[in-house]
Amino acid sequence: MTALDFMPAEKPPQAGSVALGTTTHNAAAAAAMRVCEFVQQRRLEGKVAIVTGGARGIGEAIVRAFVRHGARVVIADIDDAAGEALAAALGGALCSYVHCDVSVEADVERAVGCCVARYGRLDVLCNNAGVLGRQAPPSGAGAGAKSGGIATLDAAEFDRVLRVNTLGAALGMKHAARAMLQRRGAGGSIVSVASVAGVLGGMGPHAYTASKHALVGLTKNAACELGEHGIRVNCVSPFGVATPMLVNAWRHSHHDEDEDGSAAAPVSAEEVEKAEEMVRGMATLKGTTLRAGDIAEAALFLASDESRYISGHNLVVDGGVTTSRNVIGL
Ligand SMILES: NC(=O)c1ccc[n+]([C@@H]2O[C@H](COP(=O)([O-])OP(=O)(O)OC[C@H]3O[C@@H](n4cnc5c(N)ncnc54)[C@H](O)[C@@H]3O)[C@@H](O)[C@H]2O)c1
């Protein structure tokens, strides 16, 4: 539904008309009021959500959007300081924090349990937590190069990335589904943050790409099973957003630092601008910059009842990067 749905069916006044007739004026005013109501409408009013990896980056934007739209939100993350600070800033009654490493089943189970104990239910799970992992070595690097290339694949690193990005999301689905199923017929919405690296090759390191392709497949399978219970399962696949994850990858490519960035120095405004410039350079859609808030809008749509008949879908937010390549110079 868009603001246009609230516009009156009658024709708008012609350009150049000097005065509005009373009927037209009233209809226009009523339409304007309905547009205002729509804009102000809180799209997750009364719902309870968990956002994993919600302490910073895209997850933080999702948490803020969900709270703004009336949800009570549990942030589940491993960054306790950032998670607690964000929950406190958003107000203890509306938002709380729980320590949760999504790759540890006991943590995920506890996070869902805390949410139900505190707010009485779970309507929305957003599986956002993810790690990039180490990147491929420079092309041409052979044996002995740092790990990341397929010929020098580090099995432990591959396993770590899949445990967080794929198993973590699967565990989230498992325990969220259990909580949702307890409220028979109430349904629910599970939204995972995948990536354009789950659609195309060449968008990220090998383990990351494998983990996100697997997450898109898992989303479709879980949607098949849970549809019977009215639980929708979807994912959002962003192109590059200048979060700490991407800025650390940018740092790595420029300064040969550890790109996973969990313990890296805080991201500066200048680095964010440089990373955004890099993304704009690779983008198909020009004249705009993809931001975390754009991904939060997509997650909000899939979490809310506005998407009530959408399930098993991968909502790609990439300005056309994965669908359009200007091969013939259009
Ligand atoms: N930034 C991008 O360009 C981009 C593009 C496509 C997809 N994504 C995906 O979006 C999601 C969020 O990425 P981001 O860019 O905001 O990253 P980020 O590194 O800035 O933030 C990730 C958050 O997840 C948390 N986290 C990491 N490992 C965790 C774990 N094991 N358990 C719980 N929390 C954990 C971190 O503490 C952090 O708060 C990820 O799934 C990522 O793969 C990001």
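This report concerns the structure included in the present document. Note that the structure is predicted; figures quoted are calculated from it, not measured. (Residues numbered from 1 in each chain as written. Predicted model: local features only at pLDDT ≥ 70, side-chain atom pairs only at ≥ 80, totals over all residues.)

Digging into the pairing of strand β6 (residues 231–238)
Worth spelling out the cut-off: Our exposure labels follow a C-beta count within 10 Å of each residue's own C-beta, placed from the backbone: buried means 20 or more other C-beta atoms, exposed means 12 or fewer, and partly exposed covers the counts in between. A run of DSSP states H or I qualifies as a helix once it reaches four residues; a run of E qualifies as a strand once it reaches two. Both are numbered from the N-terminal end. Each pair of strands is called paired provided DSSP finds at least two bridges between the two strands. Looking down the strands as they point away from the viewer, one classifies a crossover as right-handed if the path from the first strand across the helix to the second runs clockwise.
Judged by how many residues are buried, β6 sits mostly within the fold: 8 of 8 residues are covered. Side-chain alternation along β6 places I231, V233, C235 and S237 on one buried face and R232, N234, V236 and P238 on a second face that is also buried. Sheet analysis places strand β5 (residues 188–193) next to β6, joined by 6 bridges and oriented parallel. By the bridge assignment for β6, G188 is matched with I231. A crossover links β5 with its parallel partner β6, the connecting element being helix α6 (residues 206–226), and its sense is right-handed. When β6 meets strand β7 (residues 314–317), the two strands line up parallel, connected through 4 bridges. Counterpart to V236 in the pairing with β7 is L315.

Observations concerning the site of the ligand
Spelled out, the test is: The criterion for a residue being near a molecule or strand is a backbone-placed C-beta atom within 6 Å of that molecule or strand. Any residue that is not Ala, Val, Leu, Ile, Met, Phe, Trp, Tyr, Cys, Pro, Asp, Glu, Lys or Arg is counted as polar, Gly included; the first ten are nonpolar and the last four charged.
For the ligand, the set of nearby residues contains 29 residues, the closest of which are G53, G57, G130, T243 and M245. Contributions of two or more residues to the shell around the ligand are made by α2 (57–68), α5 (155–182) and α7 (244–255). A per-class count over the shell around the ligand returns 14 nonpolar, 11 polar and 4 charged.

Section: the environment of R163
Structurally, R163 can be placed in helix α5. When the C-alpha atoms of R163 and V131 are compared, they prove to be 9.8 Å apart, with 32 residues separating the residues in sequence.

Examining the sheet that holds β6
Stated formally: Every axis in this analysis is a line fitted to C-alpha atoms, fitted for helices over the stretch in contact. Angles between the N-to-C directions lie between 0 and 180 degrees. Residue pairs are scored as contacts if the distance between their C-beta atoms, which are placed from the backbone, is within 7 Å.
In spatial order, the strands read β3-β2-β1-β4-β5-β6-β7; together these 7 strands make up an open sheet with parallel pairing. With partners counted over all chains shown, the strands left at the sheet margins are β3 (95–99) and β7, one partner each. Here the strands of the sheet are splayed against their neighbours by 20° on average, with no regard to which way each runs. Where strand β1 (residues 48–52) meets strand β4 (residues 124–127), 3 bridges bridge the pair, whose relative direction is parallel. Note that in β4 the partner of V51 across the bridge is C126. Contacts from α2 reach β1, β2 (72–77), β3, β4, β5 and β6 within the one sheet, and its direction differs from that of β1 by about 170°. On the sheet, α6 packs against β5, β6 and β7 and is oriented at approximately 165° with respect to β6.

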